[in-house]
Structures are given as C-alpha cells and as structure tokens.
Amino acid sequence: QAERDVLQAALLEGHIMPYYQPKVSLKTQRICGFEALARWVDPSGHVREPAAFLPQIDELKLSGRLLDRILGNVLQDVASLRDYGLDPGQVSVNLPEVALASQPGRERIDALLDTFPDAVPHLTFEITEDVFIARSGDTIQTAITRLRDRGLRISLDDFGTGYASFQHLRQLDFDELKIDTSFTASLGKDRTTEVIVKGFLAIARGLEVDVVAEGVETQEQEDELISLNCTMAQGYRYGRAMPFEEVRSLLVGAD
Ligand code: G
Ligand code: G
Ligand code: MN
Ligand code: NA
C-alpha cells in the first residue's frame, strides 16, 4: 500500500513524465519524430528509467494512470510545439495492453484525444505483440481500427521477438513496424540476422508500411540499414531520450 501511494503521488504530482528519443530519416539524416519514453524525475533531479518502476506500475494496476499522464503530456507538448510554429513530426507513445482491452481504457484515450484534436495527426501508438495474447483479438482489432480512423498511426513494436508475429500481420492493419534492438545489434555480425532483417524490410515494402530500426548505435549498423533500404532509425547514435525543453531547443535549432 505504501508503495502504491508513492507511485500514485509521483503520477499525480507530475514527477513521471515523457522524455523524447529522436527518430531520424535515413534518407535526409533529419529528425522525423520522437518516441516518448516514461521517466520518473525526483524533485532532487534524479532520473529513474522505466525498468525501475514499470513492473510495479503493472503489478499495482496503475498502467491506465501512467498512460493518462504520458499521453496527456505528449499531446500538450505536441500542441505547444505547434504553437511555436515547430513541427514535431511523428511522436510515438507506448500503449499498454489494458489500454485497448478495457472499455474505461478506450474511453480515457478518446477523451484525451478529443482535448487536443490538432495533435492527433502527429501521434503514433506503439503496441507490442503481447496485446494479442492476453485477450480476445477481436476487441483489440476493433479498438485499433477506431484509432486509425481518427487519424493516428499504429506501430508494431519489438517486431519479430514475439509469439506468432506473422499471424498478427495478417490480422491487423498497421502503419509502421519497429525492428527490435536485438536484430540491429547483430547487423554486420551475423548473416542469419541480415537475412531476417532483409525479409522484414521486404514485408514492410509489400505492405506499404514504414520501418524504424531501433537501437542503432554505430556507423556500420547505419550503413547496413541504408544498404537494405530501411527508411528510419532510432538509437543512441542519434540521441538518448531527452526532456521536453531540449526537444524544443533542438527543433528551434533545426529550423
Ligand atoms: O526508456 P527505456 O529504453 O528504458 O524503456 C524501457 C521499456 O519501457 C521499453 O520497452 C518501453 O517500451 C517501455 N516504456 C517506456 N515508456 C513507457 C510508457 O510510457 N508506457 C509503457 N507502457 N511502456 C513504456
Ligand atoms: O519501447 P521500447 O521497448 O522499444 O523502448 C526502447 C528501448 O530501447 C528503451 O529502453 C531505450 O532506452 C532503448 N534504447 C534506445 N536506443 C538504444 C540504443 O541505441 N541501444 C540500446 N541498446 N538500447 C537503446
Ligand atoms: Mn517502443
Ligand atoms: Na521496441
């Protein structure tokens, strides 16, 4: 209970917030968007990463509250950038399974989106394949279709690491596929990985969806991805997740 109170207070008082990791176009080498990643920032300035608090959030059934906070902040930040005349590009938010599976979860998302209609076209929701495992696929599919109809994009996160990845491709219309860090890390080192990534990119081209390679750290990985015609990348090579004020400065500088 004490732990729950601490987490709930951190959420209510706004200490848990999105940081933003840039996504880069491999064609232009320019920033084309960001992924919002939750951080818990103490009043002392100490920053905790999701691994330190997401498990408790799940356990204490606070993931709905977390999404309210992260999505609410992201919409506000996107709207504020637009007010400055800046283009944030596509901003991704990680969606937990319960957000789509439960009626209250879906209603909360709708209510938040209604508050910032101009920010909605900038939004991408990242879902992992585990959203399909726990509940009936039909409910999830309907929820996803409704969101896409509102003009936001759906991205399949950690692609290739889950159970029955190809089955999900057949059941779901989506807009983007994210190649997991574990594949990127083996590029240039392991022929099997290269063949698999090449296959992912061929599938994405055939389905006409975007691809983002995650966890890009080196020039070699980038060169390899470019030679495979991958269009977007994300990783420490381009930048770590940063607070909103830094995003604004970065975009002002890029203008
Ligand atoms: O930021 P970092 O690379 O440490 O993120 C670790 C993991 O936490 C990633 O798998 C990411 O998807 C997840 N994560 C980060 N922010 C959020 C969030 O706001 N909501 C959910 N559900 N997961 C998040
Ligand atoms: O949502 P997802 O699980 O994909 O979250 C992305 C995770 O990958 C975050 O934990 C983020 O901190 C991490 N990450 C981002 N860039 C890099 C990178 O270049 N290398 C590695 N190893 N991890 C990264
Ligand atoms: Mn993600
Ligand atoms: Na990922």
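Remember, predicted model here, so these are calculated numbers, not experimental data.

Enquirer: Before we go on, may I ask you to explain the overall build of the protein in this structure?
Expert: A tally of regular secondary structure across the protein gives twelve helices and nine strands. Over its C-alpha atoms the protein spans a radius of gyration of 18 Å, differing by no more than 12% from the 18 Å that the globule rule assigns to 255 residues. With the C-alpha coordinates of the protein rotated into their principal frame, the extents come out at 50 × 45 × 35 Å. In the protein, which comprises 255 residues, the proportion classed as buried is 35%. Pairs at least 24 apart in sequence give 64% of the contacts found in the protein among residues at least 6 apart.

Enquirer: Can you help me understand the pairing of strand β1 (residues 16-25) in this one?
Expert: Strand residues, when the strand is regular, have side chains that alternate between the two faces of the sheet. With nine of its ten residues buried, β1 lies for the most part within the structure. As paired elements, β1 and strand β2 (residues 31-41) share nine bridges and run antiparallel to each other. The partner of Pro 22 across the bridge, within β2, is Phe 34. Counting the residues that bridge the hairpin from β1 to β2 gives five residues, and of these Gln 29 lies at a positive phi of roughly 65°.

Enquirer: Sorry if this is basic, but what is going on with the nonpolar core here?
Expert: Nonpolar side chains tend to gather and get buried jointly when the protein is soluble and globular. Counting 58 residues, the largest nonpolar core has Ile 70, Val 74, Val 93, Val 211, Ala 213 and Ala 233 as its most contacted members. The greatest single-element share of this core, amounting to eight residues, is contributed by helix α3 (residues 63-83). Apart from residues lying up to four places away in sequence, Ile 70 is in contact with Pro 18, Ala 36, Ala 38 and Val 93.

Enquirer: When you look at the packing of α3 against helix α5 (residues 103-115) in this model, what are you seeing that I'm missing?
Expert: The packing of two helices is summarised by the inter-axis angle and the distance between the axes. Taken N-terminus to C-terminus, the directions of α3 and α5 make an angle of 15°; their axes are 10 Å apart at the nearest point. With respect to their mutual orientation, α3 and α5 come out roughly parallel. Handedness of the α3/α5 crossing: right-handed. Contacts between α3 and α5 pair Gly 64, Asp 68, Leu 71, Gly 72 and Leu 75 from the former with Gly 105, Arg 108, Ile 109, Leu 112 and Thr 115 from the latter.

Enquirer: I tried to follow α3 on my own but got confused; where do I start?
Expert: One full turn of an α-helix is made of 3.6 residues, so residues set three or four places apart face in the same direction. Across its 21 residues, α3 extends 30 Å between first and last C-alpha, which sits within 8% of the 30 Å expected from 1.5 Å per residue. Looking at α3, one finds that the buried residues are Leu 66, Leu 67, Arg 69, Ile 70, Leu 71, Val 74, Leu 75, Asp 77, Val 78 and Leu 81. Phi turns positive one or two residues past the end of α3, at Gly 85, with a value near 80°.

Enquirer: Can you help me understand the environment of Ile 154 in this one?
Expert: Looking at the element boundaries, Ile 154 is found in strand β6 (residues 153-159). Given 20 C-beta atoms within 10 Å, Ile 154 falls into the buried group. When the C-alpha positions of Ile 154 and Glu 126 are compared, they lie 6.0 Å apart, and in sequence the two are 28 residues distant. With sequence-adjacent residues up to four places away left out, Ile 154 is seen in contact with Phe 125, Ile 127, Ile 144, Leu 147, Arg 148, Phe 174 and Asp 175.

Enquirer: Help me understand the site of ligand 1, please; the structure alone is not making it clear to me.
Expert: Close contacts around ligand 1 come from Leu 37, Ala 38, Glu 49, Pro 50, Ala 51, Leu 54, Leu 66, Ile 70, Asn 94, Pro 96 and Ala 241, and that covers them all. Elements supplying a minimum of two residues to the shell around ligand 1: β2 and α3.

Enquirer: Sorry if this is basic, but what is going on with unusual backbone geometry here?
Expert: With the exception of glycine, the majority of residues adopt a negative phi angle, and the majority of peptide bonds are in the trans configuration. We note that Lys 61 has phi near 55°; this positive angle belongs to a residue other than glycine. Structurally, Lys 61 can be placed in the loop between α2 (54-59) and α3. We classify Lys 61 as exposed; it has 10 C-beta atoms within 10 Å. Phi angles above zero are rare outside glycine, and Asp 158 is one such case at about 55°. The topology assignment puts Asp 158 in strand β6. Classification of Asp 158 by C-beta neighbours within 10 Å gives partly exposed; the count is 19.

Enquirer: I'm lost on the environment of Ser 186 in this one. Help?
Expert: Note on placement: Ser 186 falls in helix α9 (residues 181-186). Once the C-alpha coordinates of Ser 186 and Gln 221 are considered, the two residues, 35 residues apart in sequence, prove to be 8.7 Å apart.

Enquirer: Looking at this structure, I do not really get the confidence of the model for the protein. What am I missing?
Expert: It should be kept in mind that the predicted coordinates are not to be read in detail where pLDDT is low. With 96% of its residues at a pLDDT of at least 70, the protein reaches an overall mean of 93. Interface scoring of the predicted complex returns ipTM 0.95; its pTM is 0.95.

Conventions used here
Per-chain numbering applies: the sequence of each chain, read as written, is numbered from 1 onward. For this description, chains carry letters from A and ligands carry numbers from 1, given in the order in which they are written. Reporting of local features is limited, given that this is a predicted model, to residues whose pLDDT is at least 70; pairs of side-chain atoms are given and counted only at 80 or more, and all residues count toward the totals for whole chains, interfaces and linings. The helix and strand labels rest on DSSP assignments: H or I over at least four residues marks a helix, E over at least two residues marks a strand, and numbering proceeds from the N terminus. Based on C-alpha atoms, the radius of gyration is set beside the globule rule, defined as 2.2 Å times the residue count to the power 0.38. Whether a residue is buried, exposed or partly exposed follows from its count of other C-beta atoms within 10 Å of its own C-beta, namely 20 or more, 12 or fewer, or something in between, respectively; the C-beta atoms are built from the backbone. Throughout, a pair of residues is in contact if the C-beta atoms placed from their backbones lie within 7 Å. Two strands form a pair only when DSSP identifies at least two bridges running between them. As used here, a nonpolar core is made of buried Ala, Val, Leu, Ile, Met, Phe, Trp, Tyr and Cys residues. They are joined through C-beta atoms within 7 Å. In this description, a line fitted to the C-alpha atoms serves as the axis of each element, helices being fitted only across the stretch in contact, and the angle between N-to-C directions of two axes falls anywhere from 0 to 180 degrees. Orientation categories follow fixed angle ranges, with anything under 35 degrees roughly parallel, anything over 145 roughly antiparallel, 65 to 115 roughly perpendicular, and all other angles oblique. What makes a crossing left-handed is the near helix being turned counterclockwise from the far one by less than a right angle; a clockwise turn instead makes it right-handed. Any helix carries an expected span of 1.5 Å times its number of residues minus one. Using a C-beta atom placed from the backbone for every residue, we mark a residue as near a molecule or strand if that atom lies within 6 Å of it. Confidence scores labelled pLDDT are given residue by residue by the predictor and lie between 0 and 100.

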